[in-house]
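# Reading the structure
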Amino acid sequence: EAFTEGQIRLLTTVAVHTATVLTNGHLFQLIKTGKEEWEGTFDALANGIAVLDDRGLVRRANRAFAKIVDRPITEVTGLPFVAAVFGQSAEVASMLIQARGGARPPGLTLRSERLRRIFQVHAAPMPGAEGGSVVALVDDVTEQKALEAQVIQHEKMAAVGQLVSGVAHELNNPLTSIAGLADLLLEQSDTTVRTREHLSVVHEQAERAGKIVRNLLSFARQGQAEMGAVDLNDVARRTALLIGYEVRLREIDLRTELASDLTLVRGDRYQLQQVVVNLLTNAVQAVGDNPAGQPRLVTLRTRNADGRVLLEVEDTGPGVPDELLTNIFNPFFTTKEPGQGTGLGLSLSFNIVERHGGTLQARRGTLGGALFVMSIPSSRGPSAVTPASAPSAAAGSRRSKNVLVVDGDPAVRRMISALFSSDGHHVEAAPDAAHGVELLGQREFDLVIADPRASVPDGSAFADILLTRWPALRERTILATADVRPGTEEWLKGLGCRFFWKPFNVAELRAAAGEVLAAVRRKT
Ligand code: ADP
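Residues numbered from 1 in each chain as written. Predicted model: local features only at pLDDT ≥ 70, side-chain atom pairs only at ≥ 80, totals over all residues. Heavy atoms only, no water.

## Side note on the overall build of the chain
- A tally of regular secondary structure across the chain gives 15 helices and 17 strands.
- Expressed as a percentage of its 524 residues, the buried residues of the chain come to 44%.
- The long-range share in the chain, meaning contacts at least 24 apart out of those at least 6 apart in sequence, stands at 63%.
- Of the roughly 27500 Å² that the chain leaves accessible, carbon and sulfur atoms contribute 56%. (Helix = DSSP H or I, 4+ residues; strand = E, 2+ residues; numbered from the N terminus. Buried < 20%, exposed > 50% of the residue type's maximum accessible area, 1.4 Å probe, protein only. Contact = heavy atoms within 4.5 Å. Areas by Shrake-Rupley, 256 points an atom, 1.4 Å probe, with all protein chains shown as cover.)

Here's what the structure looks like:
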């Protein structure tokens, strides 16, 4: 049966409506998918995005923004943007006003005291939206800023390092000879008390200057550490010996309480020794300033603790005030009088300990003074038995020994010559490599103390010539250099001789020479 005209009209109307509904449904689906897609996209971004109304309240925001302000995503709508992110910030508020007025203000990087992070914020007018809506973008740049600061700090330190290493280099030889000669004169018994007092001051001041130079040079150097098994008891004993002079001079009671079963650690013994030197020096200084009547006690302790080895330095000085505890490890932080402190000791020590996978902490000790605790992971196995102290030069010198000094600096030659002559040895000094080689060809030496780069006309190094021609002297040679150029440390270590950086400590040189001469004596 055919449709009537009326039926067709009705059907057409129904069909048109149906088609419209279907199209709308399809469009609705499209918009819903698009919306979800956009929301997904915004939520996938790590940057916080918020749309703000004309009063600066959040209309909507992505998940990253919710995370930044530490709220569930369902609770961000209606939050006042500036207060939620910064607590308070006139700069960000004015930035939003500019954006509301249609401008695109430059971004801002600010620290939020509320959230204790650093944020970068951008704001832009929302296109097409009526009534001053603004889109705000928030990035957490805390880590990036920390890295940048680190790079800048690193570059600064490198520049400072270069500068100081030049100056320090020039100071090395004079300081070595001043401290050494003063030390030597002090040992002579025919000086008057007054002269001895003056000499003590000369010695003390030269050593102090030397320590500053050594610390500065360590910053410039920061070479590769040579890792090996280290007995911290041995390091402790040697260091105590090294600062013995200052301890006696200031009438300080230095006690060592060393665990007899101490485990070894893996590390660079010279770097670790430097840490102990710095800690002990600080402790000695702290108790040295104690008013009369107050005990001047410094305790150096080692012990095993939970797979770690602890080395503690405790003193009866004034201690570190709580508010300074976070600052003392910063480079150049010092509370000492100008000229008394460089503020480098603890920061350098901190870096060294950190490179050993350990920690260095300061707190108040039970005696009321400062307690510094260095903790280093132990390597397995009990401590190697080591001699209680290095034998002194005199101990090995029943028979007078032949000593050769090769150094371009007359003051250093003079100081080393005087040091070993006074111990009863026969010393010859050469001002350059050619003279050194000539003397080495003429007779046998028990001990050679040389500047490894003592001048050779063809530019090669004296140490290389020495050890190629007389390999047997490797064990009898002590090299002392002021050369802090990169690569020097690796080269010296490769040579396999004992070596010192100038300005060296006379006690240290004596101890090393004593070891060499004792070995020579055992062989002969
Ligand atoms: P410096 O000794 O040249 O000042 P350091 O980095 O070694 O540099 O020490 C930084 C600061 O830490 C010192 O100036 C001092 O205020 C504090 N400090 C270090 N050791 C001690 C200690 N044993 N007792 C009290 N304060 C200390």
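## So, the sheet that holds strand β5 (residues 134–140)
- Spatially, 5 strands are ordered β2-β1-β5-β4-β3 in an open sheet, and the strand pairing comes out antiparallel. Looking at the sheet topology across the chains shown, the edges are occupied by β2 (58–61) and β3 (108–112). With direction set aside, neighbouring strand axes in the sheet form an average angle of 30°.
- Pairing geometry for strand β1 (residues 48–52) and β2, over 3 bridges, is antiparallel. What sits directly across from Val51, in β2, is Arg60. (Pairing = 2+ DSSP bridges. Axes fitted to C-alpha atoms, helices over the stretch in contact; angles between N-to-C directions.)

## Some points on the site of the ligand
- Close contacts around the ligand come from 19 residues, with Thr334, Thr335, Lys336, Thr342 and Leu346 the closest.
- The separation between an oxygen atom of the ligand and a polar side-chain atom of Thr335 is 2.4 Å.
- At 2.6 Å, a side-chain N or O of Lys336 approaches an oxygen atom of the ligand.
- Expressed as a share of its isolated accessible area of 540 Å², the protein-covered part of the ligand is 92%.
- Breaking the shell around the ligand down by element, the ones donating at least two residues are α9 (269–288), α10 (345–355) and β12 (370–382).
- Looking at the shell around the ligand, the element that brings in the most residues is α9, giving 3 residues.
- Of the residues that constitute the shell around the ligand, the class distribution is 9 nonpolar, 8 polar and 2 charged. (Near = heavy atom within 4 Å. Polar contact = N/O pair within 3.5 Å; in protein donor to acceptor, adjacent residues only side chain to side chain. Nonpolar A, V, L, I, M, F, W, Y, C, P; charged D, E, K, R; others polar.)

## Digging into the sheet that holds strand β15 (residues 447–450)
- One open sheet accounts for 5 strands, arranged β14-β13-β15-β16-β17; its pairing is parallel. Lying at the two open borders of the sheet, with one neighbouring strand each, are β14 (426–430) and β17 (498–501). Sheet twist, expressed as the mean angle between neighbouring strand axes with direction ignored, is 15°.
- Bridge analysis of strand β13 (residues 402–406) against β15 gives 4 bridges, and the strand direction is parallel. Bridge pairing in β15 links Leu404 to Val448.
- Of the strands in this sheet, β13, β14 and β15 touch helix α11 (residues 410–422), which is tilted by about 170° from β14.

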